[in-house]
Amino acid sequence: MAYKNFILVCGGTGCESSKADEIYRNLLAEAEAQGVKADVQIVKTGCFGFCEKGPIVKVLPSESFYVEVKPSDAKEIISEQIVKGREVKRLLYKKEQQKDIVKLEDIEFYQKQFRIVLRNCGVINPENIEEYIARDGYAALEKALFEMKPEDVIAELKTAGLRGRGGAGFPTWMKWDLTRKAAGDVKYVICNADEGDPGAYMDRSTIEGDPHSVLEAMTIAGYAIGSNKGFVYIRAEYPLAIERLKIAIAQSKAMGLLGDDILGSGFDFDIEIRLGAGAFVCGEETALMQSLEGKRGMPVPKPPFPAISGLWKKPTLINNVETYANVPVILTKGGTWFSKIGTEKSPGTKVFALTGAINNSGLVEVPMGTTLREIVFDIGGGIKGGRKFKGVQTGGPSGGIICEKDLDSPITYESLTALGSMMGSGGMIVLDEDDCAVDVSRFYMEFCVDESCGKCAPCRIGTNQLHSILTKISKGNGEMSDLDNLERIGKAMTKASLCLLGGSAANPTLSTLKHFRDEYLEHIQEHKCRAGKCKALVVYSIDPAKCIGCGLCARRCPVNCITGEKKQAHVIDASQCIKCGECFKVCKFNAVLKK
Amino acid sequence: MAKMTLEDLRKLRDERKKDLNRRDVEGKNVQIIVGMGTCGIAAGAKSTFDAILAAVDEFHLDKDVVIRQTGCMGLCYVEPTVEVAMPGMPATIYGKVDAAVAREIVQKHVVEKTLVENHIFDRPAADIIQK
């Protein structure tokens, strides 16, 4: 019996944490209770990307796009939509300050997106291999094994022009070709799923929503380079992704799409999962392989490159999740098709995790060459609360901040590097006027201090030095010579560090120094933090002319340092104040001043 | 499930494609909308819907057709109602559509691009309907 309706419930980590699983179970129970179980297929899919408004429930074929759904809404969705054919209007996505209900294709969030990597996310049930197969899944593997020689596969990637999506942008075909040509009887294929940038979750969502796309691509890679063994190195902090990956591997093995003699072709390939403990440095390929071998995760000098001597000193191909997810599509639709998307030097699309001070935070996939302005203001819907845009932090702790004047440059590997940032894995954190440039660079440096493996001196000592200087400035004790020191140490680290962790750790500091130098100067010369983020520099006081003595601030103050009689102006005891800003936030009369 | 051969994989893909095509709405330009308000359901819209599903499969239209349901169209006296919107044909609302007529609509209106006379209740101008 064919289904008349489909209810797709987002099963990404974001929506799961706001009870998507309960919504799913309630929908199943209601469909059963109301006797429409045979009419509607209820599917838990991967991430829709529109995480800001989750949990998301989409009903097809009416294309009803429900946002912020609660488990208790399940009954109404079934009784109204499935039984009576009426949309549940109150749950439909509405644009802010606008009463019109918006159809999926009209939601600006989706208009400028182009989905290759996320093609199946939010469409199929990631725990059902048959749904993947029905969406042309394993057709690329079929084509590779039966119609193409390994050289042809690599040639197709060359035509496509795919570049590594982990951040550095190395041509993928070249990596595959080098590993293929490397001497050795045993070779390995590794998928780097050790996504560690703060605020980045593209790879997690890809695996959660479409695990088979990665497995299929790894198998193709195995065929192309002459390897029979693959590893997915994924951080243990991604339990849902690991679970779905395990299910996917088991299903592929049962159906003969992994294992010995795949589809009767005579080609054997097996994939194992290896869990990382979540060290940032293990995203660096040589450290990752050390960890995979069971050693302490520390980088080793390159060359030799992994393609020549990698895992257990064997030639090893290592790509990240997003790079692999592109491969099956390139083989089925052709390299030429792919090369026409995006820009000439950076073909294809890129997935970004959009977070921070933005209205529509979520997962977006756009063709390369899209401008940052389009991502932030069209897709992202602009800054929260109408505040002023300050900058976009791309590339995580290795990247830099791109400010207003550069918003119109198209996103490519080269352009971001030219702007003092980098593509990185795709985290994009939007900053507004309430964010302080010094504080942001101090935050990233703190992260790098924690995550530096300590093997090489430039990184180990450099990150610590930079962090202590930045802390000093944020406390109002900075001197003018500190700025030169930041630059000098930063540049030395960039040149001398063993791996890219140290080599790029200074980027956030150097780029803020370049673009927001005036803020550093304010901190040092005027002891002022205009955003009010550097607590040591902020003083809260109450304007007696404006205070009506309602006492709200005094009740909210966690350290009881605000005193005053009823209906009389209150006073803040600055010596006790912990500068949490709670009084500033709750005052309805703008009587609390922040300086 | 046992290990598959190449043929098995292709067969499975074709079988399941229909299901998933139905879930996908992108690129489909024929819309068939069945009125499934209380009046429609009472008049037998459910079997109409099933018949359309079956006909769409029968004529291999699953890549082109979206079948939706909607509430009462206000034509309760001729329920079940079916609206068809597609390029090259006037948007048409058919009434009194039972399972047999439903199949006829898919065959004539969608495939052969001719109107199904006697069941038209709205839209096309009087002069293009041949009595």
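In this convention, every chain numbers its residues from 1, walking through the sequence in written order. Lettering for chains starts from A, numbering for ligands starts from 1, and both go in the order in which the items are written. At least 70 in pLDDT is required for a residue's local features to be given in this predicted model, at least 80 for side-chain atom pairs to be given and counted, and no such filter applies to totals for whole chains, interfaces and linings, which use all residues.

> Describe the overall build of chain B, with residues and values.
Within chain B, the regular secondary structure consists of four helices and five strands. Strands are runs of DSSP state E lasting at least 2 residues, helices are runs of H or I lasting at least 4, and numbering of each runs from the N terminus. Written out in order from the N terminus, the α and β elements of chain B read α-β-α-α-β-β-β-α-β. Looking at chain B residue by residue over its 131 residues, the buried ones come to 40%. By definition, residue pairs are in contact when their C-beta atoms, positioned from the backbone, come within 7 Å. Restricting to contacts in chain B with at least 6 residues of sequence separation, those with at least 24 account for 64%. Comment: burial labels come from other C-beta atoms within 10 Å of the residue's own C-beta, placed from the backbone, where a count of 20 or more is buried, 12 or fewer is exposed, and between is partly exposed.

> An account of the overall build of chain A is requested, with residue identities and associated values reported.
Counting its secondary structure elements, chain A contains 24 helices and 17 strands. Relative to the 2.2 N^0.38 estimate, which gives 25 Å for 595 residues, the radius of gyration of chain A is 26 Å and therefore close to what a compact globule would have. For chain A, the spread of C-alpha atoms along the principal axes amounts to about 85 × 65 × 40 Å. Evaluated residue by residue, chain A yields a buried proportion of 55% over its 595 residues. Taking contacts inside chain A between residues at least 6 apart in sequence as the whole, the part at least 24 apart equals 72%. The globule rule used for comparison is 2.2 Å times the number of residues to the exponent 0.38, while the radius of gyration itself is calculated over C-alpha atoms.

> Report on the interface of chain B and chain A, specifying residues and quantitative values.
At the interface, 25 residues of chain B touch 24 residues of chain A. At nine residues, the largest contribution of residues to the side of chain B that touches chain A is made by helix 1 (residues 6–23) of chain B. Three classes are used, and their members are as follows: Ala, Val, Leu, Ile, Met, Phe, Trp, Tyr, Cys and Pro are nonpolar, Asp, Glu, Lys and Arg are charged, and the others, Gly among them, are polar. Residues belonging to the side of chain B that touches chain A are distributed by class as follows: twelve nonpolar, six polar and seven charged.

> Help me get a handle on the confidence of the model for chain A, residues and values and all.
Should the pLDDT be low somewhere, the predicted coordinates at that spot are not to be read in detail. Averaged over every residue, the pLDDT of chain A is 90; residues scoring 70 or more account for 97%. Confidence scores differ between elements of chain A, with helix 4 (residues 108–111) of chain A showing the lowest mean pLDDT of 74 and helix 10 (residues 211–225) of chain A the highest of 97. Per residue, pLDDT captures the predictor's confidence, and it can take any value from 0 to 100.

> Could you give an account of helix 9 (residues 202–209) of chain A, with specific residues and numbers?
The element helix 9 of chain A is extensively covered by neighbouring structure, given that eight of its eight residues are classed as buried. When we look at burial in helix 9 of chain A, the residues that qualify are Met 202, Asp 203, Arg 204, Ser 205, Thr 206, Ile 207, Glu 208 and Gly 209 of chain A.

> Give a description of the sheet that holds strand 1 (residues 5–10) of chain A that names residues and reports values.
All names here are of chain A. Taken together, four strands build an open sheet; the order of strands is 2-1-3-4 and the sheet is mixed. Looking along the sheet, the strands with just one partner apiece sit at the ends: strand 2 (40–45) and strand 4 (64–66). In this sheet, adjacent strand axes meet at a mean angle of 15 degrees when their direction is disregarded. Alignment of strand 1 against strand 3 (residues 57–60), held across four bridges, turns out to be antiparallel. The partner of Ile 7 across the bridge, within strand 3, is Val 59. A pair of strands is treated as paired once DSSP finds two or more bridges between them. Note on definitions: angles span 0 to 180 degrees between N-to-C directions of axes, and those axes are lines fitted to C-alpha atoms, for helices only across the stretch in contact.

> How would you sum up the domain arrangement of chain A? Please name residues and give values.
Residues and elements named next belong to chain A. The assigned domain composition of chain A is domain 1 (5–110), domain 2 (129–339), domain 3 (349–432), domain 4 (437–526) and domain 5 (539–594). Distance from the C-alpha centre of domain 2 to the C-alpha centre of domain 4: 35 Å. Across the contact, eleven residues belong to domain 2 and eight residues belong to domain 4. Residue classes in the side of domain 2 that touches domain 4 are distributed as eight nonpolar, two polar and one charged. Domain delimitation in this document rests on an assignment produced automatically or drawn from a domain database.

> Lay out unusual backbone geometry with the relevant residues and their values.
Residue and element names in this part refer to chain A. In the segment running from Gly 54 into Pro 55, the intervening peptide bond is cis, with an omega of -5 degrees. Positionally, Pro 55 belongs in the loop between strand 2 and strand 3. You will see that Lys 313, though not glycine, has its phi angle at about 60 degrees, which is positive. By the C-beta count within 10 Å, which is 13 here, Lys 313 ends up partly exposed.

> Describe the confidence of the model for chain B, naming the residues involved and giving the relevant values.
Residue and element names in this part refer to chain B. Confidence along chain B averages 82 in pLDDT terms, with 89% of residues attaining 70 or more. Model confidence for chain B, summarised as mean pLDDT per element, is weakest for strand 5 (residues 120–122) at 78 and strongest for helix 4 (residues 99–111) at 89. Here the predicted complex scores 0.85 on pTM and 0.76 on ipTM.

> Account for the sheet that holds strand 7 (residues 270–276) of chain A, with residues named and values stated.
The strands that make up a sheet pair up through hydrogen bonds in the backbone, lying either parallel or antiparallel. Residue and element names in this part refer to chain A. An order of 7-6-5-8 is seen for the four strands of this open sheet, with the pairing classed as parallel. Single-partner strands in this sheet number two, and they are strand 7 and strand 8 (316–320). Each neighbouring strand pair of the sheet contributes to a mean axis angle of 20 degrees, computed without reference to strand direction. With five bridges joining them, strand 5 (residues 188–193) and strand 8 adopt parallel strand pairing. Each bridged residue has a counterpart across the sheet, and for Val 189 the counterpart in strand 8 is Leu 317. Lying over the sheet, helix 10 contacts strand 5, strand 6 (229–235), strand 7 and strand 8, oriented at roughly 150 degrees with respect to strand 5.

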